[in-house]
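Given next are the chains, with one letter for each unit.
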Amino acid sequence: MQIKSALISVFNKEGIDSLAQELAKNQVKIYSTGGTQKYLENLGIPVEAVEDYTNYPAVFGGRVKTLHPAIFGGILYRRENEQDLKELEEHGIPSIDLVIVDLYPFEATLASGAGHQEIIEKIDIGGISLIRATAKNYKDTAIISSKVQYEEFERHYKSEGGSTTEEFRKSLAAAAFETSMSYDRAIGNYFKGNDVKVLRYGENPHQEASFIGNIDELFEQLGGKELSYNNLLDVDAAVNLIMDIRRSDQASFAVLKHNNACGCAQRDTVLEAFEASLAADPVSAFGGIFISDRKIDKETAEEINKIFYEICIAPEFDPEALEILSSSKKRILLKWNMVELTQDIERTVLNGKLVQARDMKNVKASELEVQTKKKPTDAQIEDLLFADKLVKNTKSNAIILVKDGQLLASGTGQTSRVDALRQAITKAKAFNFDLKDCVMASDAFFPFPDCVEIGAEAGVAAIIQPGGSIKDNLSIDACDERGLTMVFTGTRHFKH
């Protein structure tokens, strides 16, 4: 398709010079609006104002400029449709072969802290309509929806002798709809109260980052510095863990570092749960995230305050506890409303994204399938279920060791399940835990009996795992030979 006419309407003029000059050099008729028109004319490029094209002025402070049948007719008419061609001539509508748009910077305006009315005025209507119309008619028109496409388009345009191929136009259309979708999502989030909050930086200081959502729906920040990117990841991991393990008859406490629990316990009081959690790995607890599903009282606050931590999360703080924990202005205190997180999980990968349902499955005692001659005791079943919830919330490959409602150690993020188990055993011994009669949880099945053999030698008495290996019988036999009990859940809990 030979390009004979183009409509250029860009908010940010950066980078448009070269492409516009190339179009002008090829005698392409250029239509433009307002600031873009003046910018191009200052470059010596002949431009026809959209107002002259439509015979209608821009109105309402520029809110309506390109929203006109003559504009959209020139874009949307089908070049091989006789009726469309007849109507085009009948109404004197000029053809538009190329549209170049750079949208109003809605997200940047939002991130700047601008007021509501200024944000509303940065919702682009004409630009987004032009993008969608041109993309829809990609067989006959080409759309550039972002300044990052200028160089690529110019290379293609030159290589095709002032034309574009249908395949290339289709790729531009796909990118255009992605732009439209992303833009509309940001606007939708704003209207739903999901603000865009610019963070200090991302995982590392050289990475920019922002949070899109309404965190005030979940927490009231009672003190400390602003939450960072890494803080938010840790808080998310902490909340998901506690919501899984919490119970009505005991307090649950967890200490997390880099999204994994380095300590976790359930006890009759918050203080006891905290002390048991801390004992699992007091070294990793330094600078960690503390979370409780019960009110933090004065006695617990006094013990917590002896340690450097990043964040302390609880549904409530006693006034005396709050005073104690507020002694450091940098430590973050979050009062949590304990709303369960149920939304889908999204991750960007390659040139797209993955969306999956959140892992909400927690196995019940009645669902456990005993595989061994020896049956688990009631106390072991409690520990096994606790360990299974912990391993569900631990980076794969993962092994968890638990005894009497306390995390003794974990092996996290290992490329081998055997390595994860050895890591857990080494950590438990480093902090003087007796592993005799502890229970072990694995996030996935055992392809070989090696983990059973190593665990039994260390003192493991009961094992919980998904099962499902074609060699499950080898692990079952290994348990029977050593007097261990093992149950299957039928549910894998990979976490990457």
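Use the structure listed above.
The paragraphs below set out a description of the structure included in this document. Everything numeric in this text was worked out from a predicted model, so none of it was measured. (Residues numbered from 1 in each chain as written. Predicted model: local features only at pLDDT ≥ 70, side-chain atom pairs only at ≥ 80, totals over all residues. Heavy atoms only, no water.)

Brief notes about the packing of helix α17 (residues 450-458) against helix α18 (residues 472-482)
Stage number 1. Two elements in contact, α17 and α18, have axes whose closest approach is 8 Å; the angle formed by their N-to-C orientations is 25°. The angle between α17 and α18 falls in the class roughly parallel. In the packing of α17 onto α18, the handedness of the crossing is right-handed. Across the interface between the two elements, Val452, Glu453 and Ala456 of α17 pack against Ser475, Ala478, Cys479 and Arg482 of α18.
Stage number 2. Here the residues of the contact of α17 with α18 are counted per class, giving 4 nonpolar, 1 polar and 2 charged. (Axes fitted to C-alpha atoms, helices over the stretch in contact; angles between N-to-C directions. Helix = DSSP H or I, 4+ residues; strand = E, 2+ residues; numbered from the N terminus. Parallel < 35°, antiparallel > 145°, perpendicular 65-115°, else oblique. Left-handed = near helix turned anticlockwise from the far one by under 90°. Contact = heavy atoms within 4.5 Å. Nonpolar A, V, L, I, M, F, W, Y, C, P; charged D, E, K, R; others polar.)

Regarding a negative patch on the surface
Stage number 1. A cluster of acidic residues, Glu299, Glu302, Glu320 and Glu323, forms a negative patch at the surface.
Stage number 2. Elements with a contribution of two residues or more to the negative patch: α13 (298-304) and α14 (319-325).
Stage number 3. Mapped onto the elements, Glu323 comes out in helix α14.
Stage number 4. Judged by relative accessible area, Glu323 falls into the exposed class, the value being 63%. (Patch = residues over 30% accessible without salt bridge, like charges linked within 9 Å, V, L, I, M, F, W, Y side chains within 5 Å. Areas by Shrake-Rupley, 256 points an atom, 1.4 Å probe, with all protein chains shown as cover. Salt bridge = Lys/Arg side-chain N within 4 Å of Asp/Glu carboxyl O. Lys, Arg positive; Asp, Glu negative; His and termini not counted. Charge placed at Lys NZ, Arg CZ, Asp CG, Glu CD. Buried < 20%, exposed > 50% of the residue type's maximum accessible area, 1.4 Å probe, protein only.)

A short note on empty space enclosed by the protein
Where empty space is left becomes clear once a probe the size of a water molecule has been rolled over the atoms.
Stage number 1. According to the stated counting rule, one finds 1 cavity of 30 Å³ or more in the structure shown.
Stage number 2. The calculated volume of the largest cavity comes to roughly 40 Å³.
Stage number 3. As for the largest cavity, its lining consists of Ala261, Cys262, Ala280, Asp281, Leu407, Leu408, Ala409, Ser410 and Lys427.
Stage number 4. Tallied by class, the residues present in the lining of the largest cavity amount to 6 nonpolar, 1 polar and 2 charged. (1 Å grid on protein atoms, 1.4 Å probe; cavity = no way out; pocket = protein on both sides within 12 Å on 5 of 7 lines; lining within 4 Å. Points joined across faces, edges and corners; volume = space filled by probe spheres on them.)

Some remarks on the nonpolar core
Stage number 1. Core analysis: the largest hydrophobic core is formed by 56 residues, its most contacted members being Ile8, Leu23, Ile71, Leu98, Ile100, Phe106 and Phe153.
Stage number 2. Broken down by element, this core gets its largest block of residues, 8 residues, from helix α10 (residues 166-191). (Core = buried A, V, L, I, M, F, W, Y, C linked by side-chain atoms within 4.5 Å.)

Things to note about helix α9 (residues 150-159)
Stage number 1. Within the span of α9, buried status applies to Tyr150, Phe153, Glu154, His156 and Tyr157. All buried residues of α9 lie within an arc of 165° about the axis, which places them on one face of the element. Residues Glu151, Arg155 and Ser159 are exposed on α9 and point more than 90 degrees away from its buried face.
Stage number 2. Just downstream of α9, Gly161 is the residue with a positive phi angle, here 65°. (Arc of directions from axis to C-beta.)

Quick word on the sheet that holds strand β2 (residues 29-32)
Stage number 1. The strand order across the open sheet formed by 5 strands is β3-β2-β1-β4-β5, and the pairing between neighbours is parallel. Edge positions in the sheet fall to β3 (48-49) and β5 (142-144), since each has one partner strand and no second.
Stage number 2. Alignment of β2 against β3, held across 2 bridges, turns out to be parallel. Paired with Tyr31 across the two strands is Glu48, which belongs to β3. (Pairing = 2+ DSSP bridges.)

Describing the packing of helix α8 (residues 126-136) against α10
Stage number 1. Contact pair α8 / α10: the axes reach a minimum separation of 9 Å and the direction vectors enclose 150°. Here α8 is positioned roughly antiparallel relative to α10, judged by the angle of their axes. At the point where α8 passes α10, the crossing takes the left-handed sense. Facing Ile128, Ile131, Arg132, Ala135 and Lys136 of α8, the residues of α10 in contact are Ala173, Ala176, Phe177, Thr179, Ser180 and Tyr183.
Stage number 2. Grouping the constituent residues of the contact of α8 with α10 by class yields 7 nonpolar, 2 polar and 2 charged.

Quick notes on α8
Stage number 1. With 8 of its 11 residues buried, α8 lies for the most part within the structure.
Stage number 2. Structurally, α8 contributes buried residues whose contacts are with β1 (5-10), α4 (69-76), β4 (98-102), β5 and α10.

Description of the pairing of strand β15 (residues 352-356)
Stage number 1. One ladder, built from 5 bridges, connects strand β14 (residues 345-349) with β15; its direction is antiparallel. Considered in β15, the bridge of Val349 is made with Gly352.
Stage number 2. Turn length for the β14-β15 hairpin, with the two strands adjacent in sequence and antiparallel, is 2 residues, and the turn residue Leu350 shows positive phi of about 50°.

Structural notes on a nonpolar patch on the surface
Stage number 1. Side chains of Val349, Leu350 and Leu354 sit close together on the surface and give an oily, nonpolar patch of about 340 Å² of accessible area.
Stage number 2. Looking at the secondary structure, you find Val349 in strand β14.

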